[in-house]
Amino acid sequence: MAPEKLPFLPSLLLPLLTLLLPQADTRSFVVDPDHDRFLLDGVPFRYVSGSLHYFRVPRVLWADRLLKMRMSGLPDISLPWALLTFSFLSYVPWNYHEPHPGVYNFNGSRDLIAFLHQAAIAKLLVILRPGPYICAEWEMGGLPSWLLRKPKIHLRTSDPDFLAAVDSWFKVLLPKIYPWLYHNGGNIISIQVENEYGSYRACDLSYMRHLAGLFRALLGDKILLFTTDGPEGLRCGSLQGLYTTVDFGPADNMTQIFSLLRQYEPHGPLVNSEYYTGWLDYWGQNHSTRSVPAVTKGLENMLKMGASVNMYMFHGGTNFGYWNGADEKGLFLPITTSYDYDAPISEAGDPTPKLFALRNIISKFQEVPLGPLPPASRKMMLGPLTLHLDGDLLAFLDILCPRGPIDSILPMTFEAVKQDHGFVLYRTYLTHTVFEPTPLWVPHNGLHDRAYVMVDGVFQGVLERNMRHKVFLMGNLGARLDILVENMGRLSFGSNSSDFKGLLEPPILGQTILIKWMMFPLKIDNLVKWWFPLQLPKSAQPQAPSGPTFYSTTFPILGSVGDTFLYLPGWTKGQVWINGFNLGRYWTKRGPQQTLYVPRPLLFSSGQLNKITLLELENVPPRPQIQFLDKPILNSTLHKTYIYSLLADTLSTPEPMRLSGH
């Protein structure tokens with residue numbers, strides 16, 4: 001029976017029946033230290049793998065992406081005696097599966113077991129990286145933000161509060177994947193413990209030992225456990241009993257780094273667990289790329305050395321919703337919605353010239369599958385479409401926060417009011433008349449991350465973490481001051497401390513510390529998904545709409561539906577929903593990303609109406625129109641002088657922003 005035609009079976013049986021490999025009691029994946037290699041079922045083995053994150057791809061497109069990876073030039077795993085075998089690597093983000101303490105979600109696009117099954121159908125081995133911290137440029141590096149409800153918690157250490165939460169999570173997750181371990185008949189050949197821990201400031205070996213013991217207790221002694229770190233992180237990231245691997249990119253000195261690795265792992269195969277095929281993008285920076293010759297040359301040299309390699313990323317995907325992470329490199333740098341990564345398979349799942357070049361390199365070491373790669377998906381153009389005003393955000397406050405505000409003398413953080421993502425509205429009233437323009441500011445860089453300031457409903461301007469420190473206000477005694485704060489993504493890498501969101505310090509107006517605040521945690525996704533379809537009455541069109549405002553329109557697609565890219569010329573910054581699905585952030589004015597990827601499964605065909613909703617946070621263009629394009633625009637950044645103007649409050653002499661790697 002072909003794997004593709006298997007009937008529904010209990011998940012415990014699926015790995016055994018889909019892989020068609022030797023029986024579980026004869027299967028093994030181990031390190032052969034005497035010959036510096038892996039052994040798969042006793043046969044010499046190495047892998048070339050590619051990273052793909054199921055949480056960045058809609059579930060209905062998993063099979064398409066996995067097939068394209070499978071067809072990228074490596075042999076069928078039903079031939080385990082082959083020297084070189086293709087696999088893929090994926091993280092498991094804790095915060096994606098445990099949104100609230102003790103509440104777990106493995107449904108829909110969060111169905112990890114269905115994803116492993118889909119990989120088995122594609123005949124791919126799996127390297128799993130369950131964290132608990134994963135980085136991945138993902139919100140808070142995959143750690144759930146509810147951990148920060150205990151403000152003194154020390155993340156990624158042997159802090160009892162952190163370990164208790166980790167233990168609870170892994171006692172749910174690891175038993176789910178246990179049947180899928182290779183020696184049990186599944187397709188998971190190895191599992192990573194933590195992630196790049198040597199780059200974290202703590203260097204807590206007790207924590208790493210605790211994790212290693214927990215993994216062994218729940219998964220047994222037969223599964224290969226490993227760590228990965230950059231060269232500078234090997235000292236604190238490696239641990240005896242866990243196989244040590246390293247990560248680096250095409251521009252790094254391969255010989256020097258592998259020699260350093262040998263100081264920590266003297267025997268066994270050389271492994272680069274993250275060979276960077278591209279790089280991430282930050283808002284306000286250029287779109288990152290890695291040249292095809294550099295990437296292919298590095299891969300070929302590693303394969304000549306007999307190393308096993310994982311290409312990060314092979315298919316990047318998208319940071320839908322609010323899931324992007326951020327870095328702190330002198331400035332707070334949130335990551336774009338697109339996670340295209342200049343990867344061999346594009347954000348839309350299409351083969352790129354880099355993919356064909358890598359396939360050619362692999363063919364020098366192993367026969368590649370016969371037949372062409374699946375073609376690019378059909379793309380669609382539509383528009384321009386004119387959007388209509390639904391109303392300003394404040395008009396929907398009762399629906400956005402049905403339980404009403406939380407009162408406090410001092411402002412409370414997102415974590416304190418149990419708001420994980422999105423927006424919180426902070427409200428107070430002026431205690432005296434402000435006759436002249438007076439600066440409103442938040443001391444000690446205490447705004448995380450971006451604030452939209454209104455007085456009596458009139459938009460006044462923007463405050464921004466590290467960049468825009470003041471807005472000048474006037475107002476009468478009793479005037480209502482509203483500050484809408486946006487969480488732009490929690491820090492996801494490095495020696496960062498806990499990244500609390502919201503107003504961490506009380507704002508100051510002139511010399512007056514503002515107190516007596518009301519906090520409104522906003523459920524904007526609920527408004528868009530459940531209330532807007534009821535066609536609430538439209539607000540009158542203001543002469544110059546500005547500030548947080550909702551716009552929407554409906555449109556049919558009369559022909560066949562294809563993938564497309566939403567283009568928002570003239571819009572400033574905000575959030576987009578298609579048919580109630582949170583597509584992610586746009587920031588047209590800042591760039592580099594100008595279009596948002598819209599996968600075809602999100603759209604209705606046959607003339608059924610689709611609905612697009614925008615929350616524009618700053619300024620609406622004179623003609624509030626959008627278009628759907630058949631190509632993405634990922635590299636259109638405003639001139640650096642614009643960024644420097646934002647830094648004027650922070651840097652006396654602006655310098656070009658230098659961005660280092662992970």
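Not measured: the values here are computed from a predicted model.

## Concerning the sheet that holds strand β26 (residues 517-521)
Turning to step 1, where the next piece is worked out: Here 6 strands make up an open sheet; going across it, the order is β15-β26-β16-β22-β19-β20 and the pairing antiparallel. Edge positions in the sheet fall to β15 (406-408) and β20 (458-464), since each of these pairs with one other strand and no more. Adjacent strand axes in the sheet meet at a mean angle of 25° when their direction is disregarded.
Turning to step 2, where the next piece is worked out: Examined bridge by bridge, strand β16 (residues 423-429) and β26 share 4 bridges and lie antiparallel to one another. Residue pairing in the sheet places V424 in a bridge with P521 of β26.

## Describing the confidence of the model for the protein chain
Turning to step 1, where the next piece is worked out: Looking at the protein chain, pLDDT values average 89 and 87% of them are 70 or higher.
Turning to step 2, where the next piece is worked out: When the criterion is pLDDT under 50, residues 74-83 qualifies, and its contacts beyond four places in sequence or with other chains add up to 32 contacts.
Turning to step 3, where the next piece is worked out: Within the model, pLDDT remains below 50 along residues 639-662, and this stretch shows 43 contacts once partners closer than five positions in the same chain are excluded.

## Quick look at the packing of aromatic side chains
Turning to step 1, where the next piece is worked out: All chains considered together, the criterion is met by 36 aromatic pairs.
Turning to step 2, where the next piece is worked out: Measuring from ring centre to ring centre gives 6.2 Å for F106 and W169, while their planes differ by 5°; the resulting arrangement is stacked. Separated by 63 residues along the polypeptide, F106 in the loop between α3 (94-97) and α4 (112-121) and W169 in helix α5 (residues 160-177) bring together distant segments of the chain.
Turning to step 3, where the next piece is worked out: Among the aromatic residues, those joined into a ring-pair cluster are W94, Y104, F106, W146, F162, W169, Y197, Y200 and Y207.
Turning to step 4, where the next piece is worked out: Here the basic side chain of R27 rests over the ring of Y182, its NZ or CZ set 3.8 Å away from the ring centre.

## A look at the sheet that holds strand β32 (residues 610-616)
Turning to step 1, where the next piece is worked out: A sheet is described by the order of its strands in space; here 5 strands give the open sequence β14-β27-β32-β29-β30, paired in antiparallel fashion. Both edges of this open sheet fall to β14 (388-392) and β30 (581-586), since each of them pairs with a single strand only. Pairs of neighbouring strands in the sheet enclose a mean axial angle of 20°, with direction left out of account.
Turning to step 2, where the next piece is worked out: Here strand β27 (residues 549-555) pairs with β32 via 7 bridges, running antiparallel. The partner of T553 across the bridge, within β32, is I612.

Cut-offs and rules
- As a convention, each chain's residues are numbered from 1 in the sequence order in which they are written.
- Per-residue local features are limited, in this predicted model, to residues with pLDDT of at least 70; the limit for side-chain atom pairs, both in listing and counting, is 80 or more; totals at the level of whole chains, interfaces and linings are taken over all residues.
- Water and hydrogen atoms play no part in the side-chain values, which are based on all heavy atoms of the structure.
- Strands are labelled as partners when DSSP assigns at least two bridges between them.
- Only DSSP runs of H or I with at least four residues qualify as helices, and only runs of E with at least two residues qualify as strands; both kinds are numbered from the N terminus onward.
- Angles here are taken between N-to-C directions and fall from 0 to 180 degrees, while the axes themselves are lines fitted to C-alpha atoms, restricted in helices to the stretch in contact.
- The pLDDT score gives, residue by residue, the confidence of the prediction method on a 0 to 100 scale.
- Only heavy atoms enter the contact rule, under which two residues are in contact if any of them lie within 4.5 Å.
- Each aromatic pair joins two rings of Phe, Tyr and Trp (for Trp, the six-membered one) with centres within 6.5 Å, and gets the label stacked for planes under 30 degrees apart, edge-to-face for over 60, and tilted for any other angle.
- Charge-over-ring placement is defined geometrically: NZ (Lys) or CZ (Arg) within 6 Å of the ring centre, and within 35 degrees of the ring normal.

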